[in-house]
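Descriptive structure summary
Spelled out from the first residue to the last, the chains are:
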Amino acid sequence: VGDRGVIAWSGGRARVSDTQKPIEGLIVHRVEVEEGVLARGAALVATVDEGPRADTQRNHTATHLLHAALRGVLGAAAQQAGSLVEPERLRFDFSWGEPVTSEQLREIERRVNAEVVRNLPVTKQVMAIGEARQRGAMALFGEKYGDEVRVVSVGDGSVSVELCGGCHVDRTGDIGLLTIVSERGVAAGVRRIEAMTGRGAVERLQQRERIAEQLTGHYQAAFDQLPELLARR
């Protein structure tokens, strides 16, 4: 998704609801003028909404870590087939012919959070496409790349190296936490994982904790007794 924010000038301001790049070299801002008149040639000050941008960065870098963890657990056949990165969540589609087991999902989640805890640096470099390939940078199948590309590496590159033009955190620790929300099939041979990081992940875990507390209180049982108790009902 694109950045949101405010563009201000002498005597006016406009709210930016989206930014997109429809063609190479052109970035288009979708704006609604709230005060004054936006005229050609005006000197502007643009300010990005920091909260959504930071949340998007967390989810985007976590997507790269998730991709690496998927391949580590399932194997190289688990290839990216699409993704969505926005402030509230991340969505990752990948080629795989059967449901991912709950044990595999827990291992994938564990691996991602292990890299988060290591607080590895995330570097972004622009280089020739040939050099990027020599470094083993992963590219999306079907995407067209120019002579120069942007390479995003986690750590020394041993964790993840991908061609990517999007925004990312500076260190993996900035992600805070990743929790997998769901895994399902979306097409023949394509599975989808949805996950949350940072503030969203914490809020989701707190919500689940509140539900667990309500259940233990209602049934007057310890938390680890709930599965067996509910299975008998």
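Residues numbered from 1 in each chain as written. Predicted model: local features only at pLDDT ≥ 70, side-chain atom pairs only at ≥ 80, totals over all residues. Heavy atoms only, no water.

Attention shifts here to the overall build of the protein. Of the regular secondary structure elements, the protein holds five helices and 11 strands. Its C-alpha atoms put the protein at 70 × 50 × 35 Å along the principal axes. Looking at the protein as a whole, 36% of its 233 residues are labelled buried. With an accessible surface of roughly 13,900 Å², the protein has 49% of that area assigned to carbon and sulfur atoms. Of the charged side chains in the protein, 30 are positive and 32 negative, and the gap between their average positions amounts to 2 Å. (Helix = DSSP H or I, 4+ residues; strand = E, 2+ residues; numbered from the N terminus. Buried < 20%, exposed > 50% of the residue type's maximum accessible area, 1.4 Å probe, protein only. Areas by Shrake-Rupley, 256 points an atom, 1.4 Å probe, with all protein chains shown as cover. Lys, Arg positive; Asp, Glu negative; His and termini not counted. Charge placed at Lys NZ, Arg CZ, Asp CG, Glu CD.)

Next up on the list: the nonpolar core. If you look at the biggest cluster of nonpolar residues, it comprises 28 residues, and the most contacted ones within it are Leu66, Leu70 and Phe94. At the level of elements, helix H1 (50-74), strand S6 (90-95), helix H2 (102-118), strand S8 (148-154), strand S10 (178-187) and strand S11 (190-197) are the ones that each hand at least two residues to this core. A total of six residues in this core trace back to one element, the largest contributor, which is H1. Ignoring anything within four residues of it in the chain, the contact list for Leu66 reads Leu90, Phe92, Ile108, Val112 and Ile193. Within the second largest apolar cluster, eight residues are counted, among which are Ala137, Val149, Val161 and Leu163. (Core = buried A, V, L, I, M, F, W, Y, C linked by side-chain atoms within 4.5 Å. Contact = heavy atoms within 4.5 Å.)

Residues lying three or four places apart along an α-helix face the same way, a consequence of the helix completing one turn every 3.6 residues. Its 22 residues give helix H4 (residues 198-219) an end-to-end C-alpha distance of 32 Å, which sits within 8% of 32 Å, the value for a rise of 1.5 Å per residue. Within H4, the full set of buried residues consists of Gly198, Gly200, Ala201, Arg204, Ala212 and Thr216. For H4, the buried positions fall inside an angular range of 170° around the axis, keeping them on one side. Facing away from the buried side of H4, by more than 90 degrees, are the exposed residues Glu203, Gln214 and His218. Along its buried surface, H4 packs onto H1, S10, S11 and helix H5 (226-231). Directly beyond the C-terminal end of H4, a positive phi value near 50° is found at Gln220. (Expected span 1.5 Å × (residues − 1). Arc of directions from axis to C-beta.)

None of this, on its own, says anything about what the molecule does.
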